Amino acid sequence: VQLQASGGGLVQAGGSLRLSCVGSGYTFGASTMGWFRQAPGKEREFVAGINWSGGSTDYADSVKGRFTISRDNAKSTVYLQMNSLKPEDTAVYYCAASRRSIVTRTMQYWGKGTLVTVSS
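Residues numbered from 1 in each chain as written. Predicted model: local features only at pLDDT ≥ 70, side-chain atom pairs only at ≥ 80, totals over all residues. Heavy atoms only, no water.

Trainee: I'd like to hear about unusual backbone geometry, residue by residue, with values.
Mentor: Positive phi outside glycine occurs at S76, with the angle close to 50°. Mapped onto the secondary structure, S76 falls in the loop between β7 (67–72) and β8 (77–82). The backbone of S84 shows a phi angle near 50°, a positive value even though the residue is not glycine. Note that S84 resides in the loop between β8 and β9 (91–97). (Helix = DSSP H or I, 4+ residues; strand = E, 2+ residues; numbered from the N terminus.)

Right, here's the structure in full:
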């Protein structure tokens, strides 16, 4: 299983970024996908999740209304559109996959992270 995330970078507060993650080596279209993040000195936390079809999503309270998770099963890709970014969103963002098809925050597969830095 490989999960390759991209799209991180430096952005000013109030700006936007879109993260992408391409999955391979498993049945992407049957798996729940998620995004997590880990800020310096903090534990990794859940950000957003999406079920196999894209019909069900789940968000952490801290990002509701600002972030949107979506997926394109034909491209084996999951996205995280991040708007109205805040300095506290600064973290390494990780893409993850679950063997379950229904939305869940428990993941079995993890990719390497991509760094998002939001300047004030």
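Having seen the model, we can carry on.
Trainee: Before we move on, can you summarise the sheet that holds β8 with the specific residues and values?
Mentor: Pairing in this open sheet of four strands is antiparallel, and the strands run β1-β3-β8-β7 from one edge to the other. Looking at which strands have only one partner, the edges of the open sheet turn out to be β1 (2–6) and β7. When the angles between neighbouring strand axes are averaged without regard to direction, this sheet yields 15°. Across six bridges, the pairing between β7 and β8 is antiparallel. (Pairing = 2+ DSSP bridges. Axes fitted to C-alpha atoms, helices over the stretch in contact; angles between N-to-C directions.)

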